[in-house]
Amino acid sequence: MANGELDSVLDLNTLEQYCSAIGAGTLLRSVVLFEQLLPEYLANLKNAYHEGNKDVLCSEAHKFKGAAGSVGLKRVHLLAQSLQHGEDPQWPVHHAQWLNDILSLVEGDLAQLKAFLEAKA
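These numbers come from a predicted model, not from an experiment. (Residues numbered from 1 in each chain as written. Predicted model: local features only at pLDDT ≥ 70, side-chain atom pairs only at ≥ 80, totals over all residues. Heavy atoms only, no water.)

Enquirer: Mind showing me how you'd approach the overall build of the chain here?
Expert: When helices and strands are counted, the chain shows six helices and zero strands. Ordered by position in the sequence, the α and β elements of the chain form the string α-α-α-α-α-α. Over its C-alpha trace the chain gives a radius of gyration of 15 Å, about what one expects of a compact globule, namely 14 Å for 121 residues. Classification of the 121 residues of the chain by burial places 37% in the buried group. Within the chain, contacts between residues at least 6 apart in sequence are counted, and of these 67% link residues at least 24 apart. (Helix = DSSP H or I, 4+ residues; strand = E, 2+ residues; numbered from the N terminus. Rg over C-alpha atoms; globule rule 2.2 N^0.38 Å. Buried < 20%, exposed > 50% of the residue type's maximum accessible area, 1.4 Å probe, protein only. Contact = heavy atoms within 4.5 Å.)

Structure below.
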């Protein structure tokens, strides 16, 4: 994948800084922890959506946003950022698509992140 395409998926600037500061191996351990917690994050998002609980959905999106951002998953971080803002006028129209995008993209984005870090380690 070209660097420009990868930059739309991963926060390359932050990842490079993390790798310089703590090393790719240490960061990769954080990514593995995120990967272990991912099913719970996604289940919480899906459950809140299916229950029609906007407040819980926004709260769970906020938690997921922070976790995704902390490991450099830029694209899903930005989607979760949109999903967390239930007061946004675009939210009623787009929230289902944002959630669907998160669900469909996160595993592939995570695989790209792990490959990026493994190449640096």
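Enquirer: Where do I start with the pattern of salt bridges in this structure?
Expert: Note that side chains of opposite charge can pair when their charged atoms are close. Here the structure, examined in full by the defined rule, presents five salt bridges. Here Lys 74 ties to Asp 7 by a salt bridge, and the two come within 3.6 Å at their closest N and O atoms. Note that Lys 74 is positioned in helix α5 (residues 74–84) and Asp 7 in helix α1 (residues 3–9), a separation of 67 residues in sequence. With relative accessibility at 31%, the residue Asp 7 sits in the partly exposed group. (Salt bridge = Lys/Arg side-chain N within 4 Å of Asp/Glu carboxyl O.)

Enquirer: When you look at the environment of Val 106 in this model, what are you seeing that I'm missing?
Expert: Structurally, the position occupied by Val 106 is in helix α6 (residues 91–120). You can call Val 106 buried: its relative accessible area is 0%. Beyond its immediate stretch of four places on either side in the chain, Val 106 contacts Leu 38, Leu 42, Phe 64 and Val 76.

Enquirer: Mind showing me how you'd approach the nonpolar core here?
Expert: Note on soluble globular proteins: their nonpolar side chains tend to be buried together. Leu 10, Phe 34, Phe 64, Leu 73, Leu 83, Leu 113 and Leu 117 are the most contacted members of the largest nonpolar core, which totals 37 residues. Secondary structure elements with two or more residues in this core: α1, α2 (12–22), α3 (24–50), α4 (54–70), α5 and α6. Every residue in contact with Leu 117, bar those within four places of it in the chain, is listed here: Cys 19, Ala 24, Leu 27, Leu 28 and Val 31. (Core = buried A, V, L, I, M, F, W, Y, C linked by side-chain atoms within 4.5 Å.)

Enquirer: When you look at the packing of aromatic side chains in this model, what are you seeing that I'm missing?
Expert: Two aromatic rings, taken as a pair, are described by how far apart their centres are and by the angle between their planes. Per the counting criterion, the structure on display carries three aromatic pairs. An angle of 40° between the planes, with centres 6.1 Å apart, marks the rings of Phe 34 and Phe 64 as tilted. Of this pair, Phe 34 sits in helix α3 while Phe 64 sits in helix α4, and the two are 30 residues apart along the sequence. Taken as a pair, Phe 34 and Phe 64 share a single burial class, namely buried. Here the aromatic residues Phe 34, Tyr 41 and Phe 64 are joined through ring pairs into a cluster of three or more. (Phe/Tyr/Trp six-rings, centres within 6.5 Å; stacked < 30°, edge-to-face > 60°.)

Enquirer: Looking at this structure, I do not really get α4. What am I missing?
Expert: Since the α-helix turns once every 3.6 residues, residues separated by three or four places project in the same direction. Here α4 contains 17 residues, and its C-alpha end-to-end distance of 24 Å stays within 8% of the 24 Å for a straight helix at 1.5 Å per residue. Burial in α4 covers these residues: Leu 57, Cys 58, Glu 60, Ala 61, Phe 64, Lys 65, Ala 67 and Ala 68. With a side-chain oxygen positioned 3.4 Å from the backbone nitrogen of Asp 55, the residue opening α4 is Asn 53. Two residues or fewer after α4 comes Gly 72, characterised by a positive phi angle close to 90°. (Expected span 1.5 Å × (residues − 1). Polar contact = N/O pair within 3.5 Å; in protein donor to acceptor, adjacent residues only side chain to side chain.)

Enquirer: Is there a simple way to think about the packing of α2 against α3 in this case?
Expert: In helix packing, the relevant descriptors are the interaxial angle and the interaxial distance, both defined with respect to the helix axes. Their axes nearest at 7 Å, the elements α2 and α3 cross at an angle of 120°. Along the contact surface, α2 presents Leu 15, Tyr 18, Cys 19 and Ile 22, while α3 presents Ala 24, Thr 26 and Leu 27. (Axes fitted to C-alpha atoms, helices over the stretch in contact; angles between N-to-C directions.)

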